[in-house]
Every structure is written in structure tokens, then in C-alpha cells.
Amino acid sequence: MDMTPPPGSTRKAFYDAIRAQHMTPLWEVLHALVPQQPATPCVPAFWAYAQVRPYLMESGQLITAEEAVRRVLILENPGLQGQSAITQSLYAGLQLILPGEVAPSHRHTQSALRFVVEGKGAYTAVDGERTTMTPGDFIITPSWTWHDHGHEGTQTNGEPVVWLDGLDIPMLRFFDAGFAENHSERSQPVTKAEGTSYQRYGANMLPVRYNAPFGQTSPIFSYPYDRTREALHTLERQAPVDDWDGVKLRYVNPATGGSPMPTMATFMQRLPAGFDGKAWRQTDGAIFSVVEGHGSVTISHGAGQQVFEFGPRDHFVIPSWHTASLRSAPGCVLFSFSDRPVHQALGIHREERLS
């Protein structure tokens with residue numbers, strides 16, 4: 001058979017012809033589809049709390065928590081404008097609740113974490129149990145569990161409460177697997193005493209006939225900061241300090257030893273005074289919330305480099321496969337989360353610790 005192209009045939013004409021058949025040539029996009037190394041559109045970004053907070057408080061005057069359902073200012077990656085995402089797979093935002101307010105009960109297939117940034121007097125309720133929110137606490141909302149938030153203070157004696165929301169919204173959007181439902185009541189009925197889940201599952205013990213209440217998600221939904229802080233400071237005094245991470249711990253599901261949520265890993269780390277960390281890079285992009293102290297992060301990619309000087313309640317994101325290093329003269333504590341469990345489940349996680 002003669003395979004000689006007809007006279008006047010061009011690649012463009014060929015491409016136009018196959019486009020009508022809903023086809024496209026792989027060779028035109030191969031290097032973009034299978035890059036030699038990650039080529040994320042995400043960029044490093046930093047949110048100084050002193051600049052963000054006035055807008056949060058202004059939002060409290062513009063719309064109620066009930067009207068908004070969730071009064072949140074999304075931390076949107078500048079490289080993903082309009083996508084409500086801080087990385088390709090994760091969402092982050094700062095949520096405000098004021099004294100006397102209730103953010104009404106609903107549920108959704110997206111998993112969520114709350115990391116309390118500022119204020120006291122608020123609570124979150126999950127699956128019939130409330131927990132009081134205190135700065136530095138890490139709280140889980142498992143997939144498809146009823147949850148609502150409230151503030152029992154008054155306008156005269158209460159204070160605003162702000163927390164960091166982290167969800168796998170972009171990930172579930174990719175899989176077209178998102179469902180949601182509103183509760184018939186403003187606040188779900190409380191059926192368990194506060195602290196029940198921690199007493200049942202948080203003492204390195206499990207009920208004899210354990211049945212995972214939330215599937216792959218941790219049965220503990222509130223991890224208090226006072227316990228975490230004590231562990232970090234004890235290890236700083238008594239154990240070797242890692243040259244890259246300082247003293248870094250990961251939160252776990254006590255039933256499995258794995259991550260608290262199937263799609264998100266969470267960490268807390270202490271950088272001792274005078275810490276000058278070595279550089280690393282990893283495929284899971286990570287979002288950081290500064291709990292205590294001051295320091296700086298240097299993030300580089302290719303020929304570009306950025307340095308963010310951070311303090312309490314600031315937030316920043318390190319995108320996938322960007323080289324980063326941490327420093328702190330006075331010492332600091334950092335909370336972070338990423339999509340590492342998904343990378344590990346798929347066998348694609350990679351990390352380099354540079355010297």
C-alpha cells in the first residue's frame with residue numbers, strides 16, 4: 001500500500017481532520033504529559049496574618065456564619081487563580097466564627113481538618129460529640145459525618161475564633177466524587193460527652209471489639225495542642241535534633257499507625273533556637289501554619305528563590321518538588337499538612353534530603 005501523503009497534505013490539515021474525530025496527536029504533548037520532573041503550576045505563597053486578619057474581621061460584619069454556611073476566606077495559590085485550591089490537590093482557608101453564632105450542620109464526602117489559629121470559646125461538633133477549640137488544636141471532620149461549629153460566648157465577653165480549614169476538595173473534584181447534604185437541624189444533636197473519642201481511642205488502647213467508626217479515618221477527632229507541645233519540647237531536650245526538620249512528629253490514626261485521614265497527612269514540628277536547617281524537596285506540596293515563634297523559609301525552584309520571614313499565625317505553601325529550608329533564631333513551632341498518604345498509597349512519593 002502506498003503510504004505517501006497526498007500532494008498538499010500538511011500536519012495542520014491532518015490535526016484538523018482528526019480533531020473532528022475527537023482525537024489529538026500524542027507526540028505534540030508527550031513531554032508535557034510525562035515530564036522529566038514535576039512541573040507544577042503552583043507557586044510558593046505567603047499569607048501574613050497581620051495583613052489577613054482585618055479582612056477576616058470585616059467579613060464578620062458583612063455576612064453571618066449561618067448565611068454563609070461557612071464564613072471562610074480561601075487561601076488561593078496565585079498559580080491556580082479561580083480554582084479554590086492552594087495546591088493541585090488541596091484546599092485551604094481561614095474560617096471565622098463570632099460569639100453567639102452557629103455555622104449550620106452539614107456533611108460531605110470531602111475530608112476536612114481544622115487547625116485552631118486564634119481565640120477561645122468556640123466548639124466543633126462531629127458525629128454527635130463536641131470539642132472545645134483551643135489554639136494549636138488539630139481537629140478532624142471525617143468524610144460524610146455531620147458537623148457544625150458554634151461559639152457559646154457573648155458579644156460582651158466573647159472573642160473571635162479563627163481556624164485553618166484544610167480539605168481534599170480539588171482531589172475529589174478530580175475524581176468527580178463529591179456529595180453533600182444539609183442537616184435538618186441547625187445544630188446536630190449532641191449524643192456523647194466531650195472527650196469520649198479521646199478517652200476511648202487516645203490512650204494507646206482500643207476497645208476489645210473495635211469497629212472503625214469512620215473507616216480509614218482516625219477515630220480520634222480532636223488532638224489537643226497541650227499534649228503535642230509537651231511531646232515536642234521533651235524530645236527537643238532528650239533526643240537528637242534532625243538537621244532538616246528539627247523535631248518533627250506526624251499525627252497518627254491510633255488504630256492503624258497510618259495518617260489520620262486517607263487523603264491528608266498532618267505534622268507538628270519544633271525548630272529549636274538557632275536552628276539552621278538543611279534543604280529538602282518532596283513530591284507532596286505542603287501547607288504550613290505558624291503556631292509559635294519566628295523564623296524563615298527559603299523556597300527555590302530552578303533559578304528562582306523566595307524567602308518568607310514568618311511569625312505566629314502566618315501561613316505559607318511549599319509546592320511540589322520545590323527545594324526548601326527552614327531557619328529560626330528564637331525557635332518556633334509549625335503545623336503542616338499535605339497529600340502524602342495518596343502519594344504513598346500510589347507508590348509515587350519521592351523525597352530528597354539535600355546536604
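As the structure is a computational prediction, the values presented were derived from the model and not from experiment.

The rules we used
Residues numbered from 1 in each chain as written. Predicted model: local features only at pLDDT ≥ 70, side-chain atom pairs only at ≥ 80, totals over all residues. Heavy atoms only, no water. Helix = DSSP H or I, 4+ residues; strand = E, 2+ residues; numbered from the N terminus. Buried < 20%, exposed > 50% of the residue type's maximum accessible area, 1.4 Å probe, protein only. Contact = heavy atoms within 4.5 Å. Areas by Shrake-Rupley, 256 points an atom, 1.4 Å probe, with all protein chains shown as cover. Lys, Arg positive; Asp, Glu negative; His and termini not counted. Charge placed at Lys NZ, Arg CZ, Asp CG, Glu CD. Polar contact = N/O pair within 3.5 Å; in protein donor to acceptor, adjacent residues only side chain to side chain. Pairing = 2+ DSSP bridges. Phe/Tyr/Trp six-rings, centres within 6.5 Å; stacked < 30°, edge-to-face > 60°. Lys NZ or Arg CZ within 6 Å of the ring centre and 35° of its normal. Axes fitted to C-alpha atoms, helices over the stretch in contact; angles between N-to-C directions. UniProt positions renumbered as here; feature names shortened; annotations may be inferred. Patch = residues over 30% accessible without salt bridge, like charges linked within 9 Å, V, L, I, M, F, W, Y side chains within 5 Å. Salt bridge = Lys/Arg side-chain N within 4 Å of Asp/Glu carboxyl O.

With respect to the overall build of the protein chain
Tallying secondary structure elements over the protein chain gives 8 helices and 23 strands in all. Here the protein chain holds 355 residues, and the buried ones make up 48% of them. A sequence separation of at least 24 residues applies to 75% of the contacts in the protein chain between residues at least 6 apart. Total accessible area on the protein chain is roughly 18000 Å²; 53% of this is exposed by carbon and sulfur atoms. The average position of the 28 basic charges and that of the 35 acidic charges among the side chains of the protein chain differ by 4 Å.

Comments concerning the side chain of Thr 141
One can find Thr 141 in strand E8 (residues 138–141). Side-chain polar atoms of Thr 141 contact the side chain of Arg 114, separated by 3.2 Å. With residues up to four places along the chain from it excluded, the contact list for Thr 141 reads Ser 111, Ala 112, Arg 114, Val 126 and His 147.

Some thoughts on the sheet that holds strand E12 (residues 222–223)
Hydrogen bonds between backbone groups are what pair the strands of a sheet, and the pairing can be parallel or antiparallel. Taken in spatial order, the 6 strands of this open sheet run E2-E3-E10-E5-E8-E12, and their pairing is antiparallel. The outermost strands of the open sheet, each flanked by one partner alone, are strand E2 (72–74) and E12. Sheet topology note: the E2/strand E3 (residues 91–97) ladder contains 3 bridges and is antiparallel. Bridging across to E3, Ile 74 finds its partner in Gly 93.

Focus: the packing of aromatic side chains
In the structure shown here, the tally under the stated rule is 13 aromatic pairs. Their ring planes at 50 degrees and their centres at 6.4 Å tell us that Tyr 15 and Trp 27 sit as a pair that is tilted. Separated by 12 residues along the polypeptide, Tyr 15 in helix H1 (residues 11–19) and Trp 27 in the loop between H1 and helix H2 (30–33) bring together distant segments of the chain. The buried category is assigned to Tyr 15, whose relative accessible area is 14%. According to the relative accessible area criterion, Trp 27 is exposed, its value standing at 55%. The structure contains a cluster of three or more aromatic residues connected by ring pairs, namely Phe 115, Phe 138, Tyr 223, Tyr 251 and Phe 335. Against the face of Tyr 123 rests Arg 130, its NZ or CZ located 3.8 Å from the ring centre. Note that Lys 278 overlies the ring of Trp 244, its terminal NZ or CZ placed 5.1 Å from the centroid.

Quick look at the sheet that holds strand E9 (residues 147–151)
Here 5 strands make up an open sheet; going across it, the order is E7-E6-E9-E4-E11 and the pairing antiparallel. Where the open sheet ends on each side, the last strands, each with one partner, are strand E7 (129–132) and strand E11 (180–182). Adjacent strand axes in the sheet meet at a mean angle of 25 degrees, parallel and antiparallel pairs treated alike. Taken together, the 3 bridges between strand E4 (residues 102–108) and E11 define a ladder with antiparallel strand orientation. When the sheet's bridge partners are listed, Arg 107 is paired in E11 with Glu 181.

Regarding the pairing of E8
Going residue by residue along E8, you find Phe 138 and Ile 140 tucked away on one face and Ile 139 and Thr 141 tucked away on the opposite face as well. Bridge count between strand E5 (residues 112–118) and E8: 4 bridges; the pairing is antiparallel. Looking at E8, one finds that Phe 115 is bridged to Phe 138. Of the pairings in the sheet, the one linking E8 to E12 comprises 2 bridges and is antiparallel in character. Along E12, the bridge assignment pairs Phe 138 with Tyr 223.

Examining the pairing of strand E19 (residues 304–310)
The two faces of the sheet receive side chains in turn, since in a regular strand these alternate between them. By the bridge criterion, 7 bridges tie strand E18 (residues 295–301) to E19 in an arrangement that is antiparallel. Counted as the bridge partner of Ser 300 is Gln 305 from E19. The antiparallel pairing of E18 with E19 creates a hairpin that spans 2 residues between the two strands, and Gly 302 there sits at a positive phi of about 65 degrees.

What to know about the environment of Leu 167
Relative to the elements of secondary structure, Leu 167 occurs in strand E10 (residues 161–167). Judged by its relative accessible area of 7%, Leu 167 is buried. For the pair Leu 167 and Leu 271, spaced 104 residues apart in sequence, the C-alpha to C-alpha distance is 26 Å. Leaving out residues up to four positions away in the same chain, Leu 167 has contacts with Ser 89, Leu 90, Tyr 91, His 108, Gln 110, Ser 111, Ala 112 and Met 264.

Some points on the UniProt feature "domain: Cupin type-2" (unreviewed entry) in the protein chain
Mapped onto this numbering, the UniProt entry annotates "domain: Cupin type-2" (unreviewed entry) at residues 94–155. With 0% helix and 58% strand, residues 94–155 has end C-alpha atoms that lie 21 Å from one another.

A few points about a nonpolar patch on the surface
Taken together, the side chains of Leu 26, Val 29, Leu 30, Leu 33 and Val 34 present a nonpolar region at the surface, about 450 Å² in accessible area. Among the structural elements, Val 34 can be located in the loop between H2 and strand E1 (45–47). Judged by its relative accessible area of 56%, Val 34 is exposed.

A closer look at the pattern of salt bridges
As enumerated under the stated definition, the model contains 17 salt bridges in all. The salt bridge involving Arg 186 is made with Glu 66; its shortest N-O contact spans 3.0 Å. Pair noted here: Arg 186 is in the loop between E11 and helix H6 (196–201) and Glu 66 is in helix H4 (residues 65–68), with a separation of 120 residues, a long-range link. For Glu 66, a relative accessible area of 40% corresponds to the partly exposed category. The salt bridge involving Lys 192 is made with Asp 127; its shortest N-O contact spans 3.2 Å. Of the two residues, Lys 192 is situated in the loop between E11 and H6 and Asp 127 in the loop between strand E6 (122–126) and E7; the sequence distance between them amounts to 65 residues. On the basis of relative accessible area, Lys 192 is assigned to the partly exposed category, the value being 32%.

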